Amino acid sequence: MSAAPGFALAGGDLHASLEDPVLGSIAFLNEVMTRYPSAISFAPGAPNLAHLADVDVTAYAARYERHLIEERGTTAERARNLLHEYGPSRGLINDLIAEALRHDQGINAPPRSVVVTVGAQEAMLLTLRALCRSPDDLLAVVEPVFVGMTGAARLLDVDLVPVPETADGIDLDALRGACAEARTRGRRIRAVYVAPDYSNPSGSVLDLETRRRLLALADHEDLVLIEDSAYGFTAPPGRALPSLKALDTACRVVHLGTFAKVCLPGARVGFAVADQRVVRADGAEGVLADDLAVLKGMVTVNTSPLCQAVIGGMLLAHGGSLAALGAATSAHYRCNLAHLLAALDRELGGATPPGVRWNSPSGGFFVRVRLPVRVDTALLERCATEFGVLWTPMEHFYLSGGGTDELRLSCSYLTPDRIDEGIGRFAAFVREVAGPPRRGRRALP
Ligand SMILES: Cc1ncc(COP(=O)(O)O)c(C=O)c1O
């Protein structure tokens, strides 16, 4: 795009995050997708909206308005105004969210400890802003890590410390070592960002024992755990593990959630549960959610009440349960994921080229594939041009230079037919870059 003549800003004078490879890589991936519109894309972690075609947002908003009038005793005029005015920074549907979390997950957090945010993304930003006071406060992240959190930290100039992912979910010895190492440098690991259920990008799960040990370590090392539960709802029935927050007897966990994957990404409604007690110098007490709400007042002011009303109406229409609201969507994604894994097995499993491996998560959106070659944006462009398939290079999710032989496939955006066709093309690409097959395959954890 040609800019107006005259005054020009030097890129180097703008915030350093704008030159950060993480932010650049997201822009690049979006741009690649627009350049190959006919390619079959396993790149976006975005939900497919086909099953939402019939969602009547007006009816859901009206359902919430009726709830205010009939069950909360609000006058009709006040109920309408609540939806049309600016709203409280803390949110409007906090009680419904708190009740759903209590009912579905056994998280006992009062509505006052909930802040309704513009997606989980804003919740990450606010939580990090509130927790990190000095440049010596560090955020540890399980690596590979969701770029939304990396980006939020970059925007806030919070330095990151990668902690390796393991088959159990997180290398706790490495985290303990990182805490000690930070202390020797006069710094402190303030918080740890962790997505215990089917993380983005690797689909990993923290097992129950590791959840307990992580909570104990957080208590021992004086850490706050920032739990991102975006994909927890995709666990197969009866196999969901308790969230960190549900196990959190010491109040170490700030729990972040989103309705984007469960039901309606366009509503941009997420939330933070921050019930940590905050004691001020003058002895006044509150909870961390109060502070998040203050910060939110300076960022987005409040989350659109109309959008909250739609989500509130959807929750009410499903008996106030997040699990019930997400049940059909979750089944849809599990079906896609099973389809993707079956297609990989069919196309590459019997005669796997050497050095090719992939994991088989039971939920979430993502499958991680390892190739015996350098996996970068050049290889992605080659795959797009010659094979008409897109995916995401994993190196964008690493802070310390890893992931250079891995890519991420997402099952969320495509229909089963397109998954079959896309994996057929992908397998041809893999065979070409990885060489002749051998029998059987070794799985990634
Ligand atoms: C792990 C994870 N957390 C949070 C988000 C963002 O959620 P929201 O759309 O509510 O901002 C995503 C979106 O892809 C995600 O993958």
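Note that the structure is a prediction, hence the values are computed from the model and not measured.

(A) Representation of helix H7 (residues 172–184) within the structure. With 13 residues, H7 should cover 18 Å at 1.5 Å per step; its first-to-last C-alpha distance of 19 Å lies within 8% of that length. Considered for burial, the residues of H7 that qualify are Leu172, Leu175, Ala178, Cys179 and Ala182. Down the axis, H7 shows its buried residues gathered within 115° of arc, on one side only. Opposite the buried face of H7, at more than 90 degrees from it, the exposed residues are Asp173 and Thr184. Buried residues in H7 make contact with strand E3 (137–143), strand E4 (159–164), strand E5 (188–194) and helix H8 (208–221). By the N-cap criterion, in which a side-chain oxygen at the helix start approaches the backbone nitrogen of a residue two or three places on, H7 is capped by Asp171, the distance to Asp173 being 3.2 Å. Gly186 occupies a position one or two residues after H7 and carries a positive phi of about 75°.

(B) Representation of unusual backbone geometry within the structure. Residue Pro144 follows Glu143 across a cis peptide bond; omega there is 5°. With omega at 20°, the peptide bond leading from Asn200 into Pro201 counts as cis. Secondary-structure assignment places Pro201 in the loop between E5 and H8. Despite not being glycine, Asp222 has its phi angle at roughly 60°, a positive value. By the element assignment, Asp222 lies in the loop between H8 and strand E6 (224–228). Positioned with a positive phi, Cys251 is a non-glycine residue whose angle comes to about 60°. Looking at the secondary structure, you find Cys251 in the loop between E6 and strand E7 (253–258).

(C) Summary view of the environment of Phe366. Along the chain, Phe366 falls in strand E13 (residues 366–370). Judged by its relative accessible area of 0%, Phe366 is buried. Along the backbone, Phe366 and Arg239 are 127 residues apart, and their C-alpha atoms lie at a distance of 18 Å. Not counting residues within four places of it along the chain, the set of residues in contact with Phe366 comprises Gly45, Ser199, Asn200, Pro201, Gly203, Tyr231, Pro361, Arg408, Leu409 and Ser410.

(D) Representation of the site of the ligand. Close to the ligand lie 14 residues; Ala120, Asp228, Tyr231, Thr258 and Lys261 are nearest. At a separation of 2.6 Å, a nitrogen atom of the ligand approaches a polar side-chain atom of Asp228. Contacts to the ligand include Thr258, whose side-chain N or O atom sits 2.5 Å from an oxygen atom. Expressed as a share of its isolated accessible area of 400 Å², the protein-covered part of the ligand is 89%. Ranked by the residues each element gives to the shell around the ligand, the list is headed by helix H5 (residues 119–131), at 4 residues. In terms of residue class, the shell around the ligand is built from 7 nonpolar, 4 polar and 3 charged.

Thresholds applied
- Residues numbered from 1 in each chain as written.
- Predicted model: local features only at pLDDT ≥ 70, side-chain atom pairs only at ≥ 80, totals over all residues.
- Heavy atoms only, no water.
- Helix = DSSP H or I, 4+ residues; strand = E, 2+ residues; numbered from the N terminus.
- Expected span 1.5 Å × (residues − 1).
- Buried < 20%, exposed > 50% of the residue type's maximum accessible area, 1.4 Å probe, protein only.
- Arc of directions from axis to C-beta.
- Contact = heavy atoms within 4.5 Å.
- Polar contact = N/O pair within 3.5 Å; in protein donor to acceptor, adjacent residues only side chain to side chain.
- Near = heavy atom within 4 Å.
- Areas by Shrake-Rupley, 256 points an atom, 1.4 Å probe, with all protein chains shown as cover.
- Nonpolar A, V, L, I, M, F, W, Y, C, P; charged D, E, K, R; others polar.

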